[in-house]
Amino acid sequence: MAERSTLAPEKVSDTVKSQIANFHRSIVDEVAATVSRDQVVVVGMAQNPFVKKARQLLDGAGVKYTYLEYGSYLSRWKERLAIKLWAGFPTFPMVFVAGVLEGGYRELVKLRDEGKLKG
């Protein structure tokens, strides 16, 4: 498995590290707490068709999940950016199962097809 490319920590100033650590921290903390507490979590945004499809898939499979929504295409983009920076995943939805980021809608379909989603 390949690790994602990131800027080496020694190439980031302490000022920037602090800015990143505090960028919409309350939102990141909310997502992190929910992911650590609940078995299945979907993080999404309004108007996104893949978020809607992911939720419909989980509903259809009888899987209980927690849904966190942060704005739409025209609002709260900075909060969503903070979540993306934290998770290292570029799109929504973000689907977490047992505290693990499994991916988005496509990965959720694969989990279902492999029988790894339990209602």
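Only a predicted model underlies this, so the values are computations on that prediction, with no experimental measurement involved.

Caption draft 1: Molecular detail of the nonpolar core. Formed by 28 residues in total, the largest nonpolar core has its most connected members in V43, L58 and I83. Every element with two or more residues in this core is listed here: helix 2 (25–37), strand 1 (40–44), helix 3 (49–61), strand 2 (66–69), strand 3 (94–97) and helix 5 (105–113). Setting aside its immediate chain neighbours within four residues, V43 contacts V31, L68, Y70, I83, F92, P93, M94 and F96.

Caption draft 2: Broad picture of unusual backbone geometry. Each neighbour pair has its own omega, and for F92 with P93 the value is 10 degrees, a cis peptide bond. Within the secondary structure layout, P93 lies in the loop between helix 4 (77–87) and strand 3. Positive phi outside glycine occurs at H24, with the angle close to 50 degrees. With respect to the helices, strands and loops of the structure, H24 is situated in the loop between helix 1 (14–22) and helix 2. The class of H24 is partly exposed, set by a relative accessible area of 28%. Although it is not a glycine, R76 sits at a positive phi angle of roughly 60 degrees. Within the secondary structure, R76 is located in the loop between strand 2 and helix 4.

Caption draft 3: Quick look at the pairing of strand 1. The buried fraction of strand 1 amounts to five of the five residues, a majority that puts the element mostly inside the structure. The side-chain alternation of strand 1 yields two buried faces, one formed by V40, V42 and G44 and the other by V41 and V43. Alignment of strand 1 against strand 3, held across four bridges, turns out to be antiparallel. Within the sheet, the bridge partner assigned to V42 lies in strand 3 and is V95. Note that the unit made of strand 1, helix 3 and strand 2 has a crossover that is right-handed.

Caption draft 4: Representation of the layout of surface pockets. Considering only enclosed or pocket space, the largest pocket measures out at about 300 Å³ in volume. Taken together, R4, T6, V12, I20, A21, F23, R25, V28, A82, L85 and W86 make up the full set of residues lining the largest pocket. Elements with a minimum of two residues in the lining of the largest pocket: helix 1, helix 2 and helix 4. A total of three residues in the lining of the largest pocket trace back to one element, the largest contributor, which is helix 4. Here the residues of the lining of the largest pocket sort into eight nonpolar, one polar and two charged. By volume, the second largest pocket amounts to about 220 Å³. As for the second largest pocket, its lining consists of M1, A2, E3, R4, A87, G88, F89 and L101. Residues belonging to the lining of the second largest pocket are distributed by class as follows: five nonpolar, one polar and two charged.

Rules used throughout
- Residues numbered from 1 in each chain as written.
- Predicted model: local features only at pLDDT ≥ 70, side-chain atom pairs only at ≥ 80, totals over all residues.
- Heavy atoms only, no water.
- Core = buried A, V, L, I, M, F, W, Y, C linked by side-chain atoms within 4.5 Å.
- Buried < 20%, exposed > 50% of the residue type's maximum accessible area, 1.4 Å probe, protein only.
- Helix = DSSP H or I, 4+ residues; strand = E, 2+ residues; numbered from the N terminus.
- Contact = heavy atoms within 4.5 Å.
- Pairing = 2+ DSSP bridges.
- Right-handed = clockwise from strand over helix to strand, strands pointing away.
- 1 Å grid on protein atoms, 1.4 Å probe; cavity = no way out; pocket = protein on both sides within 12 Å on 5 of 7 lines; lining within 4 Å.
- Points joined across faces, edges and corners; volume = space filled by probe spheres on them.
- Nonpolar A, V, L, I, M, F, W, Y, C, P; charged D, E, K, R; others polar.

Any functional reading would require information that these geometric values do not contain.
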